[in-house]
Amino acid sequence: MKYFEEIKKALKQKGAKGDITKDTLFKSLGLDSLDLMDLVVELEEKLGFTIPDDELPGIQTIGQLEKIIENLKK
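None of these values were measured; they are calculated from a predicted model.

Calculation rules
Residues numbered from 1 in each chain as written. Predicted model: local features only at pLDDT ≥ 70, side-chain atom pairs only at ≥ 80, totals over all residues. Heavy atoms only, no water. Helix = DSSP H or I, 4+ residues; strand = E, 2+ residues; numbered from the N terminus. Rg over C-alpha atoms; globule rule 2.2 N^0.38 Å. Buried < 20%, exposed > 50% of the residue type's maximum accessible area, 1.4 Å probe, protein only. Contact = heavy atoms within 4.5 Å. Areas by Shrake-Rupley, 256 points an atom, 1.4 Å probe, with all protein chains shown as cover. Salt bridge = Lys/Arg side-chain N within 4 Å of Asp/Glu carboxyl O. Core = buried A, V, L, I, M, F, W, Y, C linked by side-chain atoms within 4.5 Å.

(A) Representation of the overall build of the chain. Along the backbone of the chain there are 3 helices and 0 strands. Reading the chain from its N end, one meets helices and strands in the order α-α-α. Whereas a compact globule of 74 residues would reach a radius of gyration of roughly 11 Å, the chain reaches 11 Å, a difference of no more than 12%. Counting across all 74 residues of the chain, residues that qualify as buried make up 39%. Here the contacts in the chain between residues at least 6 apart in sequence split such that 58% fall between residues at least 24 apart. For the chain, the exposed area adds up to about 4700 Å²; of that, 49% sits on carbon and sulfur atoms.

(B) Spotlight on the pattern of salt bridges. Following the criterion strictly, the structure yields 3 salt bridges and no others. Two residues, Lys46 and Glu6, come together in a salt bridge whose shortest N-O distance is 2.9 Å. With a gap of 40 residues between them, Lys46 in helix H2 (residues 33–47) and Glu6 in helix H1 (residues 3–13) connect regions that are remote in the sequence. Close ionic contact of Glu66 with Lys22 constitutes a salt bridge, the shortest N to O distance being 3.2 Å. One end of the pair, Glu66, is in helix H3 (residues 62–72); the other, Lys22, is in the loop between H1 and H2, with 44 residues separating them in the sequence. The buried category is assigned to Glu66, whose relative accessible area is 8%.

(C) Highlighting the environment of Tyr3. Mapped onto the secondary structure, Tyr3 falls in helix H1. Note: C-alpha distance between Tyr3 and Glu66 (63 residues apart in sequence) is 6.0 Å. Apart from the residues within four sequence positions on either side, Tyr3 is in contact with Leu47, Glu66, Ile69, Glu70 and Lys73.

(D) Layout of the nonpolar core. Ranked by size, the top nonpolar core spans 23 residues in total, and within it Leu11, Phe26 and Leu65 carry the most contacts. Of all the elements in the fold, those that place two or more residues in this core are H1, H2 and H3. Those residues in contact with Phe26 that lie beyond four places of it in its chain are Leu11, Leu31, Leu36, Leu39, Ile59, Gln60, Thr61, Ile62 and Leu65.

Okay, here's the thing in structure tokens:
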């Protein structure tokens, strides 16, 4: 599955605009830690995974989130 596309789609639904790449910082899209948590919960429910709470603070880019999802889905 293309997790990057799912993340990008969820971000656009939340109003993110502009060029979204794997290197895009969530902060540059105007998302704070609460917004990121909401995004992660939405993706967890849709894709069937759970990110440990201690990993959330370290997620800065879309690529980092994608990699965590890929590792959890193996």
